[in-house]
Amino acid sequence: AYDSLIIGGGPAGASAAIYSARKGIRTGVVAQNFGGQVADTVGIENFISVKETEGPKLVMALEQHVKEYDVDLMNLQTAKGLSKTGDEIAITLENGAVLKSKTVILSTGARWREMNVPGEQEYRGKGVAYCPHCDGPLYKGKRVAVIGGGNSGVEAAIDLAGIVDHVTLIEFDTKLRADAVLQKKMYSMPNVTVIMNALSKEVLGANGKVTTLRYEDRANQQMHDVALEGIFVQIGLLPNTDWLKGVIDLSPRGEVIIDQKGETSMPGVFAAGDCTTVPFKQIIIAMGEGAKASLSAFDYLIRS
Ligand code: FAD
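Residues numbered from 1 in each chain as written. Predicted model: local features only at pLDDT ≥ 70, side-chain atom pairs only at ≥ 80, totals over all residues.

A. Looking closely at the pairing of strand β13 (residues 192–195). Pairing analysis gives 4 bridges linking strand β12 (residues 166–170) to β13, with the strands arranged parallel. Across the sheet, residue Val 167 finds its bridge partner in β13, namely Val 192. In terms of handedness, the path from β12 via helix α5 (residues 180–187) over to β13 forms a crossover that is right-handed. (Pairing = 2+ DSSP bridges. Helix = DSSP H or I, 4+ residues; strand = E, 2+ residues; numbered from the N terminus. Right-handed = clockwise from strand over helix to strand, strands pointing away.)

B. Up close: the nonpolar core. Of all hydrophobic cores here, the largest spans 46 residues; its most connected members are Ala 17, Val 30, Ile 105 and Ala 271. Contact partners of Ala 271, with chain neighbours within four places excluded, come to Ile 105, Leu 106, Ser 107, Val 256, Ile 258, Gly 262, Thr 264, Thr 276 and Ala 293. Formed by 33 residues, the second largest nonpolar core is a distinct cluster that contains Ala 145, Val 164, Leu 169 and Val 203. (Core = buried A, V, L, I, M, F, W, Y, C linked by C-beta atoms within 7 Å. Buried ≥ 20, exposed ≤ 12 C-beta atoms within 10 Å, placed from the backbone. Contact = placed C-beta atoms within 7 Å.)

C. Structural context of the sheet that holds strand β14 (residues 198–206). Read across the sheet, 3 strands follow the order β14-β15-β16 without closing on themselves; strand pairing throughout is antiparallel. The sheet is open, and its two edges are formed by β14 and β16 (222–227), each paired on a single side. Across the sheet, the mean angle separating the axes of adjacent strands is 25° when strand polarity is ignored. Here strand β15 (residues 209–217) pairs with β16 via 6 bridges, running antiparallel. Paired with Thr 212 across the two strands is Ala 227, which belongs to β16. (Axes fitted to C-alpha atoms, helices over the stretch in contact; angles between N-to-C directions.)

D. Region of the structure containing the environment of Met 287. Looking at the element boundaries, Met 287 is found in helix α6 (residues 283–303). For Met 287, a count of 23 C-beta atoms within 10 Å puts it in the buried group. Beyond its immediate chain neighbours, meaning those up to four positions away, Met 287 contacts Pro 11, Ala 12 and Ser 15.

E. View of the packing of helix α4 (residues 151–161) against α5. With their axes 9 Å apart at the nearest point, α4 and α5 run at an angle of 30° to one another. Classified by the interaxial angle, the pair formed by α4 and α5 is roughly parallel. Like other packed secondary-structure pairs, α4 and α5 cross with a definite hand, here left-handed. Taking contact as the criterion, the partners of Asn 151, Val 154, Glu 155, Ala 157 and Ile 158 in α4 are, on α5, Leu 182, Gln 183, Lys 185 and Met 186. Looking at the contact of α4 with α5, its residues break down into 5 nonpolar, 2 polar and 2 charged. (Parallel < 35°, antiparallel > 145°, perpendicular 65-115°, else oblique. Left-handed = near helix turned anticlockwise from the far one by under 90°. Nonpolar A, V, L, I, M, F, W, Y, C, P; charged D, E, K, R; others polar.)

F. The sheet that holds strand β11 (residues 143–147), seen in detail. On the basis of which strands lie adjacent, the open sheet formed by 5 strands has the order β10-β17-β11-β12-β13 and parallel pairing. Only two strands of the sheet have a single partner each, and these edge strands are β10 (128–129) and β13. Sheet topology places β11 next to strand β17 (residues 230–233); 4 bridges connect them, and they run parallel. Bridged to Val 144 within β17 is Gly 230. Against the sheet, α4 engages β11, β12, β13 and β17, with an angle of about 165° to β11.

G. Fine view of the site of the ligand. Residues in contact with the ligand amount to 38 residues; listed here are only the nearest, Gly 8, Gly 10, Gly 36, Gly 109 and Gly 273. For the shell around the ligand, the secondary structure elements donating two or more residues are α1 (11–21), β2 (27–31), β9 (110–112) and α6. When grouped by side-chain class, the residues that make up the shell around the ligand number 18 nonpolar, 17 polar and 3 charged. Of the residues that make up the shell around the ligand, three or more belong to each of domain 1 (2–112 + 237–303) and domain 2 (128–233). (Near = placed C-beta within 6 Å. Domains from an automatic or database assignment.)

Below is the structure:
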């Protein structure tokens, strides 16, 4: 049995693993895909102290760092169940194996909801972006669209309007769902245009870069093209927590509810990073949260 078993091998899981192993306790990591979202990232410019790096490079560095320690790394394995009997927590894997541990750290991350239109995959990282905090500065002085008029879309439009030349916000519905104060702020900005009742249809580009967003006016089915350099898709972040439903308390959005110490609703089970209710989903935040959850798990172990 493990002392700490970490589910997920992104920045949060890698950080938790290193912190746990450094306490000399038996540590394991189960990862569907070691590296997580970082493996899909092109340029990273906001991982503080590393001026500029690339996703795969950072994943390699994470793996090397984890492997410096006595960590049982089980890559390409997916957890599908969690249960607790007495003080022992059992994690069931999709391959049927059952792993036992005194503490578990959930760090299964999240994925961006996609538009699912032609061109989106092709131009991902070449104009199609999901994170304004990460990629906003790359579009300085350029034209972008934000897809989605919820809080995250309108926040993105406000954020980007301060950096880029012009923002077109595209909303599917006939009204925005964002909070009134955010809408007011956005409408006060001269370089934001809002288009409602619009369905994104296609991302077009040339020479490996996005040039156009095509959308349909839902009122009359007419197609329109917006000339631009970037498209920020803000239609939701889906936490990878389906397998925890009914076992661990989740927020209405499906995020694992944690307190300041990373504790979940089940004693001995902690969580960190994008799969949790922690605000702002970033590499540096996920790593900090992973460290915190690991220290909380250690604290729990020495008290029980
Ligand atoms: P993830 O990175 O999502 O890792 C989750 C891990 O859990 C993975 O190993 C996954 O395989 C595993 N997993 C999931 N379900 C299971 C299961 N059931 N069983 C076992 N394992 C499971 N942030 C920045 O700070 N700067 C950037 O420039 C930046 N750019 C980004 C660009 C893109 C395209 C994307 C998608 C994200 C970007 N982010 C960026 C956000 C950043 O990548 C995330 O905030 C961060 O990776 C979250 O770390 P995490 O460990 O919580 O989750």
